[in-house]
There are 2 protein chains.
Amino acid sequence: MATLTVPHPVPPVGDDCDNLHKAFQGWGTNEEAIISILAHRNTSQRNSIRQTYVETYGEDLMKALDSELSSDFGRAVQLWTLHPAERDALLAYEAVRKNTANGHYVLIEIACARSSHELFQVRENYHARFHKSLEEDVAYHTAGDFRKLLVPLVSAYRYDGAEVNMTLAHSEAKILHEKISEKAYNHEEIIRILTTRSKAQLNATLTHYKNQFGNDINKDLKTDPKEDYLALLRSTIKCLTCPEKYFEKVVRFATKGLGTDEEALTRVIVSRAEVDMKRVMEEYYKRNSVPLETDIKGDTSGDYKGMLLALIGHHNA
Amino acid sequence: MATLTVPHPVPPVGDDCDNLHKAFQGWGTNEEAIISILAHRNTSQRNSIRQTYVETYGEDLMKALDSELSSDFGRAVQLWTLHPAERDALLAYEAVRKNTANGHYVLIEIACARSSHELFQVRENYHARFHKSLEEDVAYHTAGDFRKLLVPLVSAYRYDGAEVNMTLAHSEAKILHEKISEKAYNHEEIIRILTTRSKAQLNATLTHYKNQFGNDINKDLKTDPKEDYLALLRSTIKCLTCPEKYFEKVVRFATKGLGTDEEALTRVIVSRAEVDMKRVMEEYYKRNSVPLETDIKGDTSGDYKGMLLALIGHHNA
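Parameters and conventions
- Residues numbered from 1 in each chain as written.
- Chains lettered and ligands numbered in written order.
- Predicted model: local features only at pLDDT ≥ 70, side-chain atom pairs only at ≥ 80, totals over all residues.
- Heavy atoms only, no water.
- Helix = DSSP H or I, 4+ residues; strand = E, 2+ residues; numbered from the N terminus.
- Rg over C-alpha atoms; globule rule 2.2 N^0.38 Å.
- Buried < 20%, exposed > 50% of the residue type's maximum accessible area, 1.4 Å probe, protein only.
- Contact = heavy atoms within 4.5 Å.
- Lys, Arg positive; Asp, Glu negative; His and termini not counted.
- Charge placed at Lys NZ, Arg CZ, Asp CG, Glu CD.
- UniProt positions renumbered as here; feature names shortened; annotations may be inferred.
- Polar contact = N/O pair within 3.5 Å; in protein donor to acceptor, adjacent residues only side chain to side chain.
- Core = buried A, V, L, I, M, F, W, Y, C linked by side-chain atoms within 4.5 Å.
- Least-squares fit on C-alpha atoms with pLDDT ≥ 70 in both.
- Expected span 1.5 Å × (residues − 1).
- Domains from an automatic or database assignment.
- pLDDT = per-residue confidence, 0-100.
- Phe/Tyr/Trp six-rings, centres within 6.5 Å; stacked < 30°, edge-to-face > 60°.
- Lys NZ or Arg CZ within 6 Å of the ring centre and 35° of its normal.
- Salt bridge = Lys/Arg side-chain N within 4 Å of Asp/Glu carboxyl O.

This part covers the overall build of chain A. Along the backbone of chain A there are 20 helices and zero strands. For chain A, whose C-alpha radius of gyration is 21 Å, the value lies close to the compact-globule estimate of 20 Å for 317 residues. Referenced to the eigenvectors of the C-alpha coordinate spread, the extents of chain A come out at roughly 65 × 45 × 35 Å. In chain A, which comprises 317 residues, the proportion classed as buried is 55%. Partitioning the intrachain contacts of chain A with sequence separation of at least 6 by distance along the chain shows that 69% fall at a separation of at least 24. Across chain A, the centroid of the 40 positively charged side chains sits 6 Å from that of the 46 negatively charged ones.

Printed below as a string of structure tokens:
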């Protein structure tokens, strides 16, 4: 379901490093060469390139990219080149300091649309890079209902097995329905269930919720004025149960209407290209009757456009 | 600061396995042989013994111990033989199902008196053995203020560097003092600070608390009727900042007065023998003017006594 394409055979890592180094030389930078290499290497290949680059040229590749590239293109290449856990740690660090609705969504994505092990790797990287814990920063920079939801989400290490306890699914669907009916959306039981149960268990609970009470839980969470918090709850549920639909929506909002939200567009594409971007694009086409690549071509330009198209498996034509 | 003693040179692991296997043969069991081997091997040596034992005899050593040994001695040998993270996962699993004050202390110990990495290993082991997450079980089986404190404690992955932000230490000492003065002991800011800050940062905050406001924070937390929760808060602070004093107290309560709390005594000795049991014993002597080994000899007997004395570095005489 990844859109990333890697050539067969993959060139030797030394050649990749030499070609990147050449692309940085002389007047200007050869952006196309950079895209043709980095946008077509997977995480472990990019890691090897970084390691070999610093051994060969005595310079950190990330620093070279930072000094050679700028704006949306530079940001996309840099975020992409990082290991996913490093990238998420950086995105979380930036998001937590904003403490805006947008920042909260980034935290939700990292906490809910990654595997338990991946989220833990983000927390390890956060320690290493920022000399703090992720949950410490989230707890310090948020407040109220947002804090109540976000801190346990980013601290979770959910069980990731497929086992489901149907008795529990029934009783917890009932609890969710009761609390939602009472409009007690920030009730600690809602938060407990959403922040601690395994994804398999939550899927069973929410399927039962719909069968038993008639609506998708997210529909029942859509009818109240406490809008920001409710939107965050809905996003939590979507990221946990159908991330491709969540990311379709983020990309849709980023490209539709006046202007483009490059930050969101870049984030989704770099973080899903190696995961499930194909499914995000299928959802996009279903929902919008136009392929994502068409909207990206219309909304972006130059090397930034080239980078995004390469990551979603399309050539810039 | 460990009390564990390991012979030099350590016998070959095959010999240990053969001697254990012999100790299980025939009428009765040779408990002394079991103590002389297992109580004098460190974690990685015990792991090797378990691995070699199952390879050699086709039987899990833990199962053999379970069928050969019983009561307090059997429990001590079994808990000791487990890898510390497996042991803690098991202790936490048992504790969470009790949902009593005693169970809460066990959770506090595991959450606060281990390193961040060790606590995470406990969470991994909890997944593997119980097909659930530790925080999921804690959240499900606790309620109210206990839940508010325990869930973030067991979910924490605290930064473990030595850096301290003194400005933050001052501001958070003030917050703690304000909330305690208002008797708002379950205030989310108290919980945030205690459950997310690094141990180094908390030490700085609590030192400033004492300098600025006159009392040890635990003294200020000792004067209210909401006793159980306050006692848990004080234990949290003690486990985070001076675990040897916390464990001295647990051992003292386990041995003093009528009867002995074998469960607590075993737990402290098996979990600290390889860590800081020497310091716990120094504290014990300072506080009680009698060596811990004397009180253990008076309170326990037989192989159980032999096992505990071996773990604290004393021969059974």
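Having seen the model, we can carry on.
Residue and element names in this part refer to chain A. The UniProt entry lists F24, G26, G28, E68, G259, D299 and T300 under the feature "binding site: Ca(2+)" (unreviewed entry), expressed in the numbering used here. Across 277 residues of sequence, these annotated residues are also dispersed in space, with a maximum C-alpha separation of 34.4 Å. Looking at the element boundaries, G26 is found in the loop between helix 1 (13–24) and helix 2 (31–38). Take G26: its relative accessible area is 67%, and that puts it in the exposed class. Relative to the helices and strands, T300 is located in the loop between helix 19 (292–299) and helix 20 (302–311). On the basis of relative accessibility, which here comes to 9%, the residue T300 falls in the buried class. There is a polar contact of 2.7 Å between the side chain of T300 and the backbone oxygen of I296.

Residues L20, I34, L65 and M307 of chain B are the most contacted members of the largest nonpolar core, which totals 96 residues. The contact partners of I34 of chain B, leaving out residues within four places of it in the chain, are L20, A23, F24, T29, A39, L65, L69 and V77 of chain B. With 95 residues, the next largest nonpolar core counts A23, A33, V270 and L292 of chain A among its residues.

Glancing now at the relation of the copies chain B and chain A. With an RMSD of 0.0 Å, the fit of chain B onto chain A corresponds to turning through 180 degrees and sliding 0.0 Å along the axis. Each copy turns onto its partner about a two-fold axis. Minimal C-alpha distance to the rotation axis in chain B is attained by S155 of chain B, lying at 2.8 Å. The fraction of interface residues of chain B whose copies in chain A are also interface residues reaches 100%, indicating that both copies meet through the same surface.

Within the secondary structure, H104 of chain A sits in helix 7 (residues 101–112). Setting aside residues up to four positions removed in sequence, H104 of chain A forms contacts with N99, T142, F146, L150 and L232 of chain A.

As a further point, take helix 3 (residues 43–57) of chain B. Residues and elements named next belong to chain B. The terminal C-alpha atoms of helix 3 lie 21 Å apart, and with 15 residues this matches the ideal 21 Å at 1.5 Å per residue to within 8%. Every buried residue of helix 3 is accounted for by T43, Q45, R46, I49, R50, T52 and Y53. Considering only its buried residues, helix 3 is in contact with helix 1 (13–24), helix 2 (31–38), helix 4 (61–68), helix 5 (71–81) and helix 6 (84–98). One side-chain oxygen of the residue at the start of helix 3 lies 3.2 Å from the amide nitrogen of S44, identifying that residue as N42.

This paragraph deals with the domain arrangement of chain A. Many authors give the size of an interface as the accessible area that is lost as the parts come together. On domain assignment, one finds that chain A holds domain 1 (13–69), domain 2 (84–155), domain 3 (166–241) and domain 4 (243–312). Spacing between the C-alpha centres of domain 1 of chain A and domain 2 of chain A amounts to 29 Å.

Attention now goes to the confidence of the model for chain A. Taken as a whole, chain A shows an average pLDDT of 96; of its residues, 98% reach a score of 70 or greater. Here the predicted complex scores 0.96 on pTM and 0.95 on ipTM.

Let us now look at the packing of aromatic side chains. A complete count under the given rule lists 19 aromatic pairs over all chains for this structure. Their ring planes at 45 degrees and their centres at 5.1 Å tell us that Y53 of chain A and Y57 of chain A sit as a pair that is tilted. Of this pair, Y53 of chain A and Y57 of chain A both sit in helix 3 (residues 43–57), four residues apart, roughly one helical turn. Residue class for Y53 of chain A comes out buried when judged on its relative accessible area of 0%. Taken together, a centroid distance of 6.3 Å and an interplanar angle of 75 degrees make the contact between F146 of chain B and Y229 of chain B edge-to-face. Of this pair, F146 of chain B sits in helix 10 (residues 144–155) while Y229 of chain B sits in helix 15 (residues 227–241), placing them 83 residues apart in sequence. Judged by relative accessible area, F146 of chain B falls into the partly exposed class, the value being 24%. Given a relative accessible area of 3%, Y229 of chain B falls into the buried group. The ring of W80 of chain A has R46 of chain A sitting right over it, with the charged end atom 3.9 Å from the ring centre. The residue whose ring lies beneath R97 of chain B is Y93 of chain B, and the NZ or CZ to ring-centre distance is 3.8 Å.

Take the pattern of salt bridges next. When the charged atoms of two side chains lie near each other, side chains of opposite charge can form a pair. Throughout the structure, instances matching the rule amount to 49 salt bridges over all chains. Between K210 of chain A and D216 of chain A there is a salt bridge; the shortest N-O distance is 3.8 Å. Taking relative accessible area as the criterion, K210 of chain A reaches 43% and is therefore assigned partly exposed. Where K98 of chain B meets E263 of chain B, a salt bridge forms, and the shortest distance between an N and an O atom there is 2.7 Å. Highlighted residues: K98 of chain B in helix 6 and E263 of chain B in helix 17 (residues 262–272), separated in sequence by 165 residues. The network of salt bridges with common partners includes E136 and R147 of chain A together with E172, E188, E189, R192 and R197 of chain B.

This paragraph deals with the environment of L91 of chain A. Residues and elements named next belong to chain A. With respect to the element layout, L91 can be found in helix 6 (residues 84–98). Residue L91 is classed as buried on the basis of its relative accessible area, which comes to 6%. In this structure the C-alpha to C-alpha distance between L91 and V106, which are 15 residues apart in sequence, comes to 7.2 Å. Apart from the residues lying within four places of it in its own chain, the contact partners of L91 are R75, L79, V106, I110 and R267.

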